[in-house]
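# Descriptive analysis of the structure
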Amino acid sequence: MRKKIIAGNWKMNLNVHEAKILFKEISDIVAKNNVAHEVLVFPPSIYIESLLKMNQSTIEIGAQNFHYQNKGAFTGEVSAMQLKQLGCEWVLVGHSERRTMFHERDADLLNKIKAALENGLEVIYCCGETLNEREAGIYFEKIGEQIELLKTLSLNEMKNVAIAYEPIWAIGTGKTARPTEAAEMHDFMRTKLESIFNLEVADSTSLLYGGSCSPQNAKDLFACSNIDGGLIGGASLKAESFGEIIAAI
Ligand code: 13P
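The paragraphs below set out a description of the structure included in this document. (Residues numbered from 1 in each chain as written. Predicted model: local features only at pLDDT ≥ 70, side-chain atom pairs only at ≥ 80, totals over all residues. Heavy atoms only, no water.)

## Some details on the overall build of the chain
Rule in force here: Numbering of helices and strands starts at the N terminus; helices are DSSP runs of H or I of at least 4 residues and strands are runs of E of at least 2. For the radius of gyration, the atoms used are the C-alpha atoms, and the globule rule reads 2.2 Å times the number of residues raised to 0.38. Type-normalised accessible area, obtained with a 1.4 Å probe on protein chains alone, sets the label of each residue: buried when under 20%, exposed when over 50%, and partly exposed for intermediate values. Contact definition: two residues touch when any of their heavy atoms are within 4.5 Å. Under the convention used here, a 1.4 Å probe and the Shrake-Rupley method define accessible areas, while residue burial counts only the protein chains that appear. Here Asp and Glu are counted as negative and Lys and Arg as positive; His is not counted, and neither are the chain ends. In this description, the location of a charge corresponds to atom NZ of lysine, CZ of arginine, CG of aspartate or CD of glutamate.
Helix and strand counts for the chain come out as twelve helices and eight strands. Compactness check: the chain gives a C-alpha radius of gyration of 17 Å against a globular reference of 18 Å for 249 residues, within 12% of the reference. Taken along its principal axes, the extent of the C-alpha atoms in the chain is 45 × 45 × 35 Å. For the chain, buried positions account for 52% of its 249 residues. Considering only contacts in the chain between residues 6 or more positions apart, those separated by 24 or more positions represent 71%. Surface accessibility of the chain: about 11,600 Å² in total, with carbon and sulfur atoms responsible for 51%. Each charge class in the chain can be summarised by its mean position, and for the 25 positive and 32 negative side chains these summaries are 3 Å apart.

So, in structure tokens, the structure goes:
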């Protein structure tokens, strides 16, 4: 059985006070509703320790970014090893904002995935196509290429990898993929995983949707058989909307 996951990517938002309040509110929602699936949040790194100290065991915490070396002269960076030691359990790799604004290339992404897995962290690997690529009809090809990056991972390593499909044209735009569009991509991704690895990996890898996911559209998206949850940006910054999305799965 693959995991159902709802993850909130807070990006570079909230002050520390707001972050603690939101974290507590989400924890309370998860505890009160006996939520059975995994709920994760990815706060700005500097808040991770304070949130972990709040000891709200119903939510797991991940980091939005890290360096693939364990230590060394990398001014301004934190490593997967340091995050793991802190108590962090997940990381994001390959988010389109990191690929485009911070010029992260395939080789960097693969190094990061490997470093995370070696340090016992679970990974949400993000992929997505641009609007131009969608309009040119090459979106399956583009996502296929991005998933191919995982092909050197072992079957065992794949147990700790989830994949988020985040069409770039849907991120922060309010223009979400229609459930049929998201569903056909998730079906494709699962088939692709089977062709790269095997049926077991394809069946057991959680595939999430991200991109303007909201309380209004979450139910229809999560009803698709190959969508196992969501990676939520804007709507994860308010306990009420994130709570509704958590309940929609
Ligand atoms: P939005 O939900 O704000 O579109 O962001 C999605 C995202 O980038 C999550 O990683």
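## With respect to the pairing of strand S6 (residues 161-165)
Operational definition: Any two strands with at least two DSSP-identified bridges between them are counted as paired.
Here S6 lies mainly inside the structure; five of its five residues are buried. Neither face of S6 is open: one carries Val161, Ile163 and Tyr165, the other Ala162 and Ala164, and all of them are buried. Across five bridges, strand S5 (residues 122-127) lies against S6 in parallel orientation. When the bridges of S6 are listed, Tyr125 appears paired with Ile163. Taken together, the three bridges between S6 and strand S7 (residues 207-210) define a ladder with parallel strand orientation. Across the sheet, residue Tyr165 finds its bridge partner in S7, namely Tyr209.

## Comments concerning the site of the ligand
Stated precisely, the cut-off is as follows: The criterion for a residue being near a molecule or strand is simple. One of its heavy atoms has to lie within 4 Å of it. Under this definition, polar contacts are N or O atom pairs within 3.5 Å; protein pairs additionally need one hydrogen-donor-capable and one acceptor-capable atom, and for neighbouring residues in sequence, both atoms have to be side-chain atoms.
Every residue lining the ligand is accounted for by Asn9, Lys11, His95, Glu166, Ala170, Ile171, Gly172, Gly211, Ser212, Leu231, Gly233 and Gly234. At a separation of 3.0 Å, an oxygen atom of the ligand approaches a polar side-chain atom of Asn9. Contact distances for the ligand include 2.9 Å between an oxygen atom and a backbone N or O atom of Gly233. Within the complex, 95% of the 310 Å² of free accessible area of the ligand lies under protein.

## Here's the deal with the layout of surface pockets
Rules: Using a 1 Å grid laid over the protein atoms alone, points where a 1.4 Å probe fits but cannot get out form a cavity; open sets with protein on both sides within 12 Å along at least 5 of 7 lines form a pocket; any residue with an atom within 4 Å of a point counts as lining. Grid points are joined across faces, edges and corners, and a volume is the space filled by probe spheres set on the points. Basically, the charged four are Asp, Glu, Lys and Arg, the nonpolar ten are Ala, Val, Leu, Ile, Met, Phe, Trp, Tyr, Cys and Pro, and anything else, Gly included, counts as polar.
Here the largest pocket defines a volume of roughly 450 Å³. As for the largest pocket, its lining consists of 14 residues, and the residues nearest its centre are Lys11, Met12, Gln64, Arg98 and Phe102. At three residues, helix H4 (residues 96-101) tops the list of elements feeding residues into the lining of the largest pocket. Among the residues forming the lining of the largest pocket, the class breakdown is six nonpolar, five polar and three charged. Empty space within the second largest pocket amounts to approximately 260 Å³. For the lining of the second largest pocket, the secondary structure elements donating two or more residues are helix H8 (155-158), S6 and helix H10 (199-204). Residues that form the lining of the second largest pocket fall into these classes: eight nonpolar, six polar and five charged.

## Description of the packing of helix H7 (residues 139-148) against helix H9 (residues 179-196)
The condition that has to hold: Axes, fitted as lines to C-alpha atoms, cover a helix only where it is in contact. Angles between the N-to-C directions of the axes lie from 0 to 180 degrees. Oblique is the label for any angle not covered by the other classes, which are roughly parallel (under 35 degrees), roughly antiparallel (over 145) and roughly perpendicular (65 to 115). The hand of a helix crossing depends on one turn: near helix anticlockwise from the far one by less than a right angle means left-handed, and clockwise means right-handed.
For the pair H7 and H9, the least separation of the axes is 10 Å and the interaxial angle reads 40°. By the angle between their axes, H7 is oblique relative to H9. Helix-helix and strand crossings are classified by hand; for H7 and H9 the assignment is right-handed. The residues of H9 that touch H7, namely those facing Tyr139, Phe140, Ile143, Gly144, Ile147 and Glu148, are Glu184, Met185, Phe188, Met189, Lys192, Leu193 and Ile196.

## Topic: the sheet that holds strand S1 (residues 5-9)
Read around the barrel, eight strands follow the order S1-S2-S3-S4-S5-S6-S7-S8 and close on themselves; strand pairing throughout is parallel. With direction set aside, neighbouring strand axes in the sheet form an average angle of 25°. With four bridges joining them, S1 and strand S8 (residues 229-232) adopt parallel strand pairing. The residue bridging Ile5 from the neighbouring strand is Gly229, located in S8. Across the face of the sheet, helix H5 (residues 106-118) comes into contact with strand S4 (90-93), S5 and S6 while running at roughly 160° to S5.

## Observations regarding the nonpolar core
For clarity, the cut-off: In this text, buried Ala, Val, Leu, Ile, Met, Phe, Trp, Tyr and Cys residues form a nonpolar core when linked through side-chain atoms within 4.5 Å.
One finds Ile26, Tyr125 and Leu150 to be the most contacted residues of the largest nonpolar core, which totals 67 residues. No other element matches H9, which puts six residues into this core. Discounting chain neighbours no more than four positions away, the residues touching Ile26 are Trp10, Val39, Val41, Ile59, Ser236, Phe242 and Ile246. Core analysis: the next-biggest nonpolar cluster, separate from the first, contains twelve residues, Leu40, Ala162, Ala164 and Leu231 among them.

## Quick word on the packing of aromatic side chains
Test applied: Stacked, edge-to-face and tilted are the three classes for Phe, Tyr and Trp ring pairs, Trp counted by its six-membered ring, which pair at centre distances within 6.5 Å; planes under 30 degrees apart are stacked, over 60 edge-to-face, the rest tilted.
A complete count under the given rule lists three aromatic pairs for this structure. Ring geometry for Phe140 and Phe188: centres 5.0 Å apart, planes at 45°, overall tilted. Here Phe140 is found in helix H7, whereas its partner Phe188 is found in helix H9, with 48 residues between them in sequence. The exposure class assigned to Phe140 is partly exposed, which follows from its relative accessible area of 30%.

Read these as layout, nothing more, since geometry by itself doesn't imply function.
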